[in-house]
Amino acid sequence: MIIPLDDEMVKDAPLPWRTSPEVRGRVAEAERELTRAADLFEKFDNRARLHEALVQRAYVRAQLGRFDEAVEDCDRVLADDRKNSEALRFKGQTLMLAGETDQAIKAFGKIEDKDERRKAALAMAHAFSRKGQDDDVIDTLSEYWHPGERERWQLMLADLLLEAHHRKGDAGTVRGILQSLEETWRDEPDALLEIGRAHV
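Reading the values: rules and limits
- Residues numbered from 1 in each chain as written.
- Predicted model: local features only at pLDDT ≥ 70, side-chain atom pairs only at ≥ 80, totals over all residues.
- Heavy atoms only, no water.
- Core = buried A, V, L, I, M, F, W, Y, C linked by side-chain atoms within 4.5 Å.
- Buried < 20%, exposed > 50% of the residue type's maximum accessible area, 1.4 Å probe, protein only.
- Helix = DSSP H or I, 4+ residues; strand = E, 2+ residues; numbered from the N terminus.
- Axes fitted to C-alpha atoms, helices over the stretch in contact; angles between N-to-C directions.
- Parallel < 35°, antiparallel > 145°, perpendicular 65-115°, else oblique.
- Left-handed = near helix turned anticlockwise from the far one by under 90°.
- Contact = heavy atoms within 4.5 Å.
- Phe/Tyr/Trp six-rings, centres within 6.5 Å; stacked < 30°, edge-to-face > 60°.
- Lys NZ or Arg CZ within 6 Å of the ring centre and 35° of its normal.

*Asks:* Tell me what's going on with the nonpolar core, and back it up with residues and numbers.
*Replies:* Counting residues in hydrophobic clusters, the biggest one holds 52 residues, and the most contacted among them are Phe 108, Leu 141 and Leu 181. Those elements giving two or more residues to this core turn out to be helix H3 (48-63), helix H4 (67-80), helix H5 (85-97), helix H6 (101-109), helix H7 (114-130), helix H8 (134-142), helix H9 (152-167) and helix H10 (171-184). Here this core gets nine residues from one element, more than from any other, and that element is H9.

Pasting the structure below:
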């Protein structure tokens, strides 16, 4: 129904003023339908479907720039299930979009599910980077950094790792990351851009 909130939203948020009227109309319609679904699921004993609808509505409300309401939806899920990893991830990502970095870090830090932690890793590293906590950036991303894998996600990890190691003055590690990118992505423009930017 709705594409899950992508890590790239943290870098390039879908601000309402940059969204076309047509897209905003579709997103607003999705919000109305998810509200209807949530109202229906509220009557069921099994809360899982309600939680799903609320988390999806939180995503849509964040798309519309209604960050407070998006966080409220996540908090409704967490009131029933404080360990709901998806709600914690969406809450953290929404708080990042709202500029609430400290609160986002707290939400991300409560995620226990391994898959959800991986999905949140990039956004969490962005949060630490905003705070200048380079060691935390490196600790968050190190287990996911596999330089031989040709996945775009690896380029995003490399970007944050390069920045953190550069700020720490760790020239050897910076060179190692760049060399890995050059070997794995030699024919990929995005990677070459990354390499060139790091050399500036």
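Following the structure, the description resumes.
*Asks:* Tell me what's going on with the packing of H5 against H6, and back it up with residues and numbers.
*Replies:* At a minimum axis distance of 8 Å, the contact between H5 and H6 shows a crossing angle of 165°. Taken together, H5 and H6 sit at an angle that is classed as roughly antiparallel. Viewed along their axes, H5 and H6 form a crossing whose handedness is left-handed. Across the interface between the two elements, Leu 88, Arg 89, Lys 91, Gly 92, Gln 93, Leu 95 and Met 96 of H5 pack against Thr 101, Gln 103, Ala 104, Ala 107 and Phe 108 of H6.

*Asks:* I'd like to hear about the packing of aromatic side chains, residue by residue, with values.
*Replies:* The description of an aromatic ring pair rests on the distance of the ring centres and on the angle between the ring planes. As enumerated under the stated definition, the model contains two aromatic pairs in all. Taking the centre distance of 6.4 Å and the plane angle of 90° together, the rings of Tyr 59 and Phe 90 count as edge-to-face. Of this pair, Tyr 59 sits in helix H3 while Phe 90 is found in helix H5, placing the two residues 31 residues apart along the sequence. Of the two residues, Tyr 59 and Phe 90, both sit in the buried class. Of note, Arg 150 hangs over the ring of Trp 185, and the distance from its end group to the ring centre comes to 4.9 Å.

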